[in-house]
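# Coordinates in review
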Amino acid sequence: MQIKADGQNYAPRGHAAPVCGKDDFHVGVVGLDHGHIFGMSNGLTEAGAVIDLVYDPDTEKAEAFCKRYPGARTASSLEEILDNERIKMIASASVPSERCDLGIQAMARGKDYFTDKPPLINREQLDRARQAVKAYNRKYAVYYSERRHVEAAVYAEKLLKEQAIGRVINIMGWGPHRASVSTRPGWFFDKSRYGGILVDIGCHQIEQILIYAGARDAVVEKSRVANYGHKETPGFEDFGDMMLTCDNGTTAYSRLDWFTPDGLGAWGDGRTLIVGTDGYIEIRKYLDVANDREGDHLYLVNHEGERHIKAAGLIGFPFFGRLIRDCLDRTDTAFDQDTEFKAIELAIEAELAAERIEG
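Residues numbered from 1 in each chain as written. Predicted model: local features only at pLDDT ≥ 70, side-chain atom pairs only at ≥ 80, totals over all residues. Heavy atoms only, no water.

## Notes on the overall build of the protein chain
For clarity, the cut-off: For helices the rule is a DSSP run of H or I covering at least 4 residues; for strands it is a run of E covering at least 2, with both sets numbered from the N terminus onward. Radius of gyration means the value over C-alpha atoms here, while the globule rule gives 2.2 Å times the residue count to the 0.38 power. Think of it in three bands: residues with accessible area under 20% of the maximum for their type are buried, residues over 50% are exposed, and the middle band is partly exposed, with areas taken using a 1.4 Å probe on protein chains only. Residues count as neighbours in contact if any of their non-hydrogen atoms are within 4.5 Å of one another.
Check the secondary structure of the protein chain and you find 12 helices and 15 strands. A compact globule built from 359 residues should have a C-alpha radius of gyration of about 21 Å, and the protein chain, at 19 Å, falls within 12% of that. Principal-axis analysis of the C-alpha atoms places the extent of the protein chain at approximately 55 × 45 × 40 Å. Counting over 359 residues, the protein chain shows a buried share of 59%. Considering only contacts within the protein chain whose residues lie at least 6 apart along the sequence, 71% involve residues at least 24 apart.

## Examining the UniProt feature "domain: GFO/IDH/MocA-like oxidoreductase" (unreviewed entry) in the protein chain
What counts, and what does not: UniProt positions are given in the numbering used here, feature names are shortened, and annotations may be inferred rather than shown by experiment.
Within this structure's numbering, the places UniProt gives as "domain: GFO/IDH/MocA-like oxidoreductase" (unreviewed entry) are residues 156–282. For residues 156–282, the helix share is 20%, the strand share is 34%, and the end-to-end C-alpha distance is 9 Å.

## So, the nonpolar core
Threshold: In these notes, a set of buried Ala, Val, Leu, Ile, Met, Phe, Trp, Tyr and Cys residues joined through side-chain atoms within 4.5 Å is what counts as a nonpolar core. Domain start and end points were adopted from an automatic or database domain assignment.
Ranked by size, the top nonpolar core spans 82 residues in total, and within it Ile-90, Tyr-140, Ile-274, Ile-281, Leu-298 and Ile-344 carry the most contacts. For this core, the leading source of residues is helix α12 (residues 337–353), giving 7 residues. Here this core gathers at least three residues from each of two domains, domain 1 (26–144 + 318–333) and domain 2 (146–317 + 347–356). Those residues in contact with Ile-281 that lie beyond four places of it in its chain are Ala-156, Leu-159, Leu-160, Ile-165, Thr-272, Leu-273, Ile-274, Leu-298, Tyr-299 and Leu-300. Formed by 33 residues, the second largest nonpolar core is a distinct cluster that contains Cys-20, Ile-51, Ala-93 and Ala-141.

## Examining the packing of helix α10 (residues 202–213) against α12
Quick note on the threshold: Fitting a line to C-alpha atoms yields each axis, with helices limited to the stretch in contact; the angle taken between N-to-C directions then spans 0 to 180 degrees. In these notes the angle categories are as follows: under 35 degrees is roughly parallel, over 145 is roughly antiparallel, 65 to 115 is roughly perpendicular, and the rest is oblique. Left-handed describes a crossing whose near helix is turned anticlockwise from the far helix by less than a right angle; the clockwise case is right-handed.
Between α10 and α12, whose axes approach to 8 Å, the crossing angle comes to 130°. With respect to α12, the element α10 is oriented oblique. Crossing angle aside, the handedness with which α10 passes α12 is right-handed. Residue-level contacts link Cys-203, Ile-206, Glu-207, Leu-210 and Ile-211 of α10 to Thr-339, Lys-342, Ala-343, Ile-344, Leu-346 and Ala-347 of α12.

## Observations regarding the pattern of salt bridges
The line we're drawing: Between Lys or Arg on one side and Asp or Glu on the other, a salt bridge is scored when a side-chain nitrogen of the former is within 4 Å of a carboxyl oxygen of the latter.
For the coordinates displayed, the defined rule picks out 38 salt bridges. Its salt-bridge partner being Asp-112, residue Arg-138 comes within 3.8 Å of it at the nearest N-O pair. Taken together, the residues span a long stretch of sequence, with Arg-138 in the loop between α5 (123–136) and β6 (140–143) and Asp-112 in strand β5 (residues 112–116) at a distance of 26 residues. Per residue, the accessibility class of Arg-138 equals that of Asp-112, and both read buried.

## Things to note about unusual backbone geometry
In this chain, Lys-117 is followed by Pro-118 through a cis amide linkage whose omega measures -15°. Within the fold, Pro-118 resides in the loop between β5 and α5. In this model, Ala-290 sits at a positive phi of 65°, which is unusual for a non-glycine residue. Residue placement: Ala-290 occurs in the loop between β12 (279–284) and β13 (297–302). Relative accessible area serves as the criterion here: at 88%, Ala-290 is assigned to the exposed category. Positive phi outside glycine occurs at Arg-330, with the angle close to 60°. Mapped onto the secondary structure, Arg-330 falls in the loop between α11 (318–329) and α12. With a relative accessible area of 33%, Arg-330 lands in the partly exposed category.

What follows is the structure in structure tokens.
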């Protein structure tokens, strides 16, 4: 069982399923500011990628990373990685406000880019990222892990494609997180660097809404943010919610917070409820509270009956293999670039429009 108490360092592991030769796809890792880089690296290496060079201004972080991924070597600078023609992709979990500029640099040097969420934090960065993707014909992929690195969430998409619950009419998502304040770096509390709660972890939820609804766009009907319990850090938002209507009529609601209690056996009891015209699906991602500390629980109810599906081991994490093949073959099977950016665009809109609750 994976240790799931600390969300910032939670790094899912799957089974090795290489989609390329052992020397076909080299990756350079830049920026180790968030532990999600380990989940990203696990997914890539399990799909056949080779982590070649690693750079972070903190050399101790870079050296520790290399110990986890044998064969990886520390680089003396970002330029050393950008200049390496063998490296096809830059993967990064740098400070959120720095991710866009790094991505543009990578794409300008002919490399595809894979970044932690949020992939950027404001409209100006979004405009520049979109322009760069078109100008350099490169990929700007995002680690939307709450769907792509959770087997129950992947399995839910399969069921929806099979019309297991008919047309999707409503989606509700809950993204609670454990704050672990004492272990967080300073940028975590600085909105100019992390973007606000609806940007930071809200983009996860919006990406799921668009994918599960089969939508291309949505309208943010209402959004709210608050700092209820962390008054010592006034730039921090510890609660947010938003209501959306998709372009195909599907309605949605998401709630985010940093109030996971210490007694829970995971960093957050993340759940998604998808209601269709012929049934509903509930995803309990990281545990089934007070029942099973293992995750990947999926509940399906439709006209055929009730099912509890333990999805772990059933479908794997196909995103990473598809991403590698897309980079090698210049195809688009892992993600749609417009949707990749639309999720963060709507998150930025929700953050900008949010009513601030003073409590």
